[in-house]
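Chain by chain, the residues:
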Amino acid sequence: NQENSISFTVIRDPLARLISKYKMDLNLIKNNILRSFHTTNLGMKINDPVKNYIDNPELYFRNLLENETRDFYGILSTFSPTFNLTEAQENLSRIDYVFKQDNLNEMFKDFLMKEKVLIPFHSGFLSRAHNSNENKHKMPDIKANTLKWLREKLEPEYKLISKYI
């Protein structure tokens, strides 16, 4: 709460975020890249169950919901460590700028102009990075009933960001 500070965050569609996480985890496991973040140890143990069903999106998402809830509800947990929707809404409402990932470049440029922020940049600043297709694995199809189930489970996140999307 500093007087001269500006806060911002970037949000995205909760289902798109979760599918993107699945793609990332799929490629990390398939490429034998072990990772350890503060909330998860995916692939860190030899007998990690995620390795056994990374090819099955339904089992992957169910495991994530049951065992890595913070990652499943990544948006909600960012604004409320206890997954409390009211607390999350209050915390999100205190943010000065909420950018949508789908429109991030334009929104960020508008922010820079409005706030008269001068930052040095180089050619290509704010251009979208292209992910390499090298070592990318084909993602298994996610069934329609799984997408429906995910959408229902992610309803608190959709409520949280509804006024921003």
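Residues numbered from 1 in each chain as written. Predicted model: local features only at pLDDT ≥ 70, side-chain atom pairs only at ≥ 80, totals over all residues. Heavy atoms only, no water.

When you go through the protein residue by residue, the secondary structure sums to nine helices and two strands. Going from N to C terminus, the protein has its helices and strands arranged as β-α-α-α-α-α-α-β-α-α-α. In the protein, 66% of the contacts between residues at least 6 apart in sequence involve partners at least 24 apart. With an accessible surface of roughly 11,100 Å², the protein has 50% of that area assigned to carbon and sulfur atoms. (Helix = DSSP H or I, 4+ residues; strand = E, 2+ residues; numbered from the N terminus. Contact = heavy atoms within 4.5 Å. Areas by Shrake-Rupley, 256 points an atom, 1.4 Å probe, with all protein chains shown as cover.)

Take the side chain of Ser 80 next. Its location among the elements puts Ser 80 in the loop between helix H5 (74-79) and helix H6 (85-93). Taking the relative accessible area as the measure of exposure, Ser 80 reaches 0% and is therefore buried. For Ser 80, the side chain forms a polar contact with the side chain of Glu 87, separated by 2.5 Å. The contact partners of Ser 80, leaving out residues within four places of it in the chain, are Glu 87 and Ala 88. (Buried < 20%, exposed > 50% of the residue type's maximum accessible area, 1.4 Å probe, protein only. Polar contact = N/O pair within 3.5 Å; in protein donor to acceptor, adjacent residues only side chain to side chain.)

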